[in-house]
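These are the residues of each chain, in order.
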Amino acid sequence: MEKDYIIRYAVAADASKIADISRKTFNETFGFLNTKENMDLFMRTQFAKEVLMQEVYDAANIYIVAEENGELLGYVKLKTNSTKEELKGKLAIEIARIYVLNACLGSGIGPALMRKCIFTAKDMKCDTIWLGVWEKNPRAIAFYEKWGFEKFSEHDFTLGQDVQKDWLMKKELN
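Conventions and cut-offs
- Residues numbered from 1 in each chain as written.
- Predicted model: local features only at pLDDT ≥ 70, side-chain atom pairs only at ≥ 80, totals over all residues.
- Heavy atoms only, no water.
- Axes fitted to C-alpha atoms, helices over the stretch in contact; angles between N-to-C directions.
- Helix = DSSP H or I, 4+ residues; strand = E, 2+ residues; numbered from the N terminus.
- Parallel < 35°, antiparallel > 145°, perpendicular 65-115°, else oblique.
- Left-handed = near helix turned anticlockwise from the far one by under 90°.
- Contact = heavy atoms within 4.5 Å.
- Nonpolar A, V, L, I, M, F, W, Y, C, P; charged D, E, K, R; others polar.
- Core = buried A, V, L, I, M, F, W, Y, C linked by side-chain atoms within 4.5 Å.
- Buried < 20%, exposed > 50% of the residue type's maximum accessible area, 1.4 Å probe, protein only.
- Salt bridge = Lys/Arg side-chain N within 4 Å of Asp/Glu carboxyl O.
- Polar contact = N/O pair within 3.5 Å; in protein donor to acceptor, adjacent residues only side chain to side chain.
- Phe/Tyr/Trp six-rings, centres within 6.5 Å; stacked < 30°, edge-to-face > 60°.
- Lys NZ or Arg CZ within 6 Å of the ring centre and 35° of its normal.

### Some points on the packing of helix α1 (residues 15–30) against helix α2 (residues 36–44)
- Look at α1 against α2: their axes get within 12 Å of each other, and the N-to-C directions meet at 165°. The orientation of α1 with respect to α2, classified from their angle, is roughly antiparallel. The chirality of how α1 crosses α2 is right-handed. For the pair α1 and α2, the contacting residues are R23, F26, N27 and F30 in the first and M39, F42 and M43 in the second.
- Taken together, the residues of the contact of α1 with α2 sort by class into five nonpolar, one polar and one charged.

### What about the nonpolar core?
- Core analysis: the biggest nonpolar cluster contains 48 residues, and F26, I95 and Y144 have the highest contact counts within it.
- If we skip the residues at most four places from it in the chain, Y144 touches I98, M114, L131, V133, F149 and M169.
- Core analysis: the next-biggest nonpolar cluster, separate from the first, contains five residues, A92, W130, F152 and L168 among them.

### A closer look at the pattern of salt bridges
- In total, this model carries 11 salt bridges according to the counting rule given.
- Among the ionic pairs, D20 bridges to K49, the shortest N-O distance being 2.9 Å. Note that D20 is positioned in helix α1 and K49 in helix α3 (residues 49–57), a separation of 29 residues in sequence.
- A relative accessible area of 27% means that K49 is categorised as partly exposed.
- The residue K170 makes a salt bridge to E172 at a minimum N-O spacing of 3.4 Å.
- Given the relative accessible area of 22%, K170 is considered partly exposed.
- Overall, the relative accessible area of 36% leaves E172 in the partly exposed class.
- Salt bridges sharing partners connect three or more residues here, namely R8, D14 and E67.

### Structural notes on the environment of H155
- Relative to the assigned elements, H155 resides in strand β6 (residues 150–159).
- Along the sequence, H155 and W167 sit 12 residues apart, while their C-alpha atoms lie 6.7 Å from each other.
- Contact partners of H155, with chain neighbours within four places excluded, come to K84, Q164, K165, D166 and L168.
- Only 3.2 Å separates the side chain of H155 from the side chain of K84, close enough to count as a polar contact.

### Side note on the packing of aromatic side chains
- The tally for this structure, following the rule as stated, stands at 13 aromatic pairs.
- With a centroid separation of 6.3 Å and an interplanar angle of 55°, the aromatic rings of F143 and W147 are classed as tilted.
- On the basis of an interplanar angle of 65° and a centroid distance of 6.0 Å, the ring pair of Y144 and F149 is categorised as edge-to-face. The same class applies to Y144 and to F149, which are both buried.
- Site record: aromatic cluster; members linked through ring pairs are F26, F30, F42, F47, Y63, Y75, Y99, W134 and F157.
- Looking at K170, its charged tip hangs above the ring of F152, at a distance of 5.6 Å from the centre.

Taken by themselves, the reported measurements are silent on function.
Set out below in structure tokens:
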């Protein structure tokens, strides 16, 4: 049963909280599946708090947060300037991250955030919404498939020094 979380567009003042939830959620979800060395390297570089906060300030990114009683429970990062050769000629937007705290999985936050993503993409007159998901994340893949996303390609994602495979999935909006 879904609760009525507040789903809203993030503001600059949310940057620190978004960075904190990014690091916590990424570690909760992927830490036990990767080596400590690769996780530490990734967290020090690509997922350093300062790097994540700067992404919130970047005008090419749209952040949507889910909160309850002022506490962030999840968020989405949409990238408006991200392209893939396979989507050439389409107005597309990328879901670069959709993160929900592990303690809140199954609570309806993920679907609420996805609805807002699709609404935002349609409002921006996008033809396609797409994302990358680790091939070894069956829960996320099943979630995206439930929302009508289909695999259209793959690409490499480097976590620390480990090159992993991400599925690229898209949903046509027209």
